[in-house]
Amino acid sequence: MTYTEKEGDLFDYGDGRCLVHCISADFALGKGIAAEFQRRFQTKDRLRERYKDYLSRYREEKLLGDCLPVDGVMNLVTKERYWGKPTYQSMEAALQALKRLCRQEGIEGLAMPCIGCGLDRLAWGKVSAMIREVFSDTACDILVVTGRSQTPNSLVKKADS
């Protein structure tokens with residue numbers, strides 16, 4: 001596994017890599033970078049078409065986290081509803097699902113923002129370490145793109161305990 005962080009625009013790195021971001025099981029995609037994925041790729045419509053009744057399944061199977069691929073975009077489901085907050089446990093479950101999918105599909109390149117650390121308020125230091133741990137035994141090339149005008153909240157305030 002290779003892991004790199006660089007400043008820029010995430011959407012400049014989708015060529016040859018799958019883009020990764022976090023969503024809720026209700027497919028709201030109304031704020032933050034999820035709204036930008038919706039604007040650019042109509043992600044909400046594609047998710048609803050491909051994963052009908054997903055919220056019910058999420059609840060019935062008591063899923064903690066998941067990864068739903070749609071046309072080169074890996075949608076990490078880290079919470080049930082858009083107004084909720086993910087946990088480190090749900091983030092790890094979603095990352096494990098992403099890892100399984102990468103192995104099954106032969107995906108070796110991922111580009112993502114500082115997932116879970118904007119509106120969702122997880123500490124980037126913890127999430128970054130989790131990504132490196134989960135993917136440590138893979139051949140994935142992971143690029144984390146920090147936006148020019150955005151800073152993960154953990155760099156602004158002390159990381160959560």
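Residues numbered from 1 in each chain as written. Predicted model: local features only at pLDDT ≥ 70, side-chain atom pairs only at ≥ 80, totals over all residues. Heavy atoms only, no water.

Novice: How do you make sense of the environment of G72 when you look at a structure like this?
Specialist: By the secondary structure assignment, G72 is in the loop between strand 3 (66–70) and strand 4 (73–79). A C-alpha to C-alpha distance of 9.8 Å links G72 and L110, two positions 38 residues apart in sequence. Every residue in contact with G72, bar those within four places of it in the chain, is listed here: C18 and L19. (Helix = DSSP H or I, 4+ residues; strand = E, 2+ residues; numbered from the N terminus. Contact = heavy atoms within 4.5 Å.)

Novice: Whenever I open this one, the pattern of salt bridges confuses me. Can you help?
Specialist: Opposite charge on two side chains permits pairing when their charged atoms draw close. Under the defined criterion, the tally for this structure stands at 12 salt bridges. For R39, the salt bridge is made with E36, and the minimal N-O distance between the two is 2.7 Å. With R39 and E36 both in helix 1 (residues 32–41) and 3 residues apart, the pair spans about one turn of that helix. A salt bridge links E36 to R40, with the nearest nitrogen and oxygen atoms 2.6 Å apart. Separated by 4 residues within a single helix, E36 and R40 lie in helix 1, roughly one turn from each other. (Salt bridge = Lys/Arg side-chain N within 4 Å of Asp/Glu carboxyl O.)

Novice: Mind showing me how you'd approach the side chain of S128 here?
Specialist: Looking at where S128 falls in the secondary structure, it is placed in helix 5 (residues 124–134). Looking at S128, the relative accessible area reads 2%, which means it is buried. In this structure the side chain of S128 is engaged in a polar contact, spanning 2.8 Å, whose partner is the side chain of Y3. Once you skip the residues sitting within four places of it in the chain, S128 turns out to touch Y3 and E5. (Buried < 20%, exposed > 50% of the residue type's maximum accessible area, 1.4 Å probe, protein only. Polar contact = N/O pair within 3.5 Å; in protein donor to acceptor, adjacent residues only side chain to side chain.)

Novice: Just checking my understanding: could you explain the sheet that holds strand 3 for this structure?
Specialist: Either a parallel or an antiparallel arrangement is found when strands of a sheet pair, and the pairing is made through backbone hydrogen bonds. Taken in spatial order, the 6 strands of this open sheet run 1-6-5-2-4-3, and their pairing is mixed. In this open sheet, the two strands that pair with only one neighbour each are strand 1 (2–7) and strand 3. Going from strand to strand, the sheet's axes swing by 30° on average, the running direction of each strand aside. Two elements, strand 1 and strand 6 (residues 141–146), share 6 bridges in a ladder whose sense is parallel. Bridge pairing in strand 6 places Y3 opposite I142. Against the sheet, helix 1 engages strand 2 (18–24) and strand 4, with an angle of about 120° to strand 2. Contacts between helix 5 and the sheet are confined to strand 1, strand 5 (109–112) and strand 6, with strand 1 contributing the most and set at about 145° to the helix. (Pairing = 2+ DSSP bridges. Axes fitted to C-alpha atoms, helices over the stretch in contact; angles between N-to-C directions.)

Shape is all these values report; function is a separate question.
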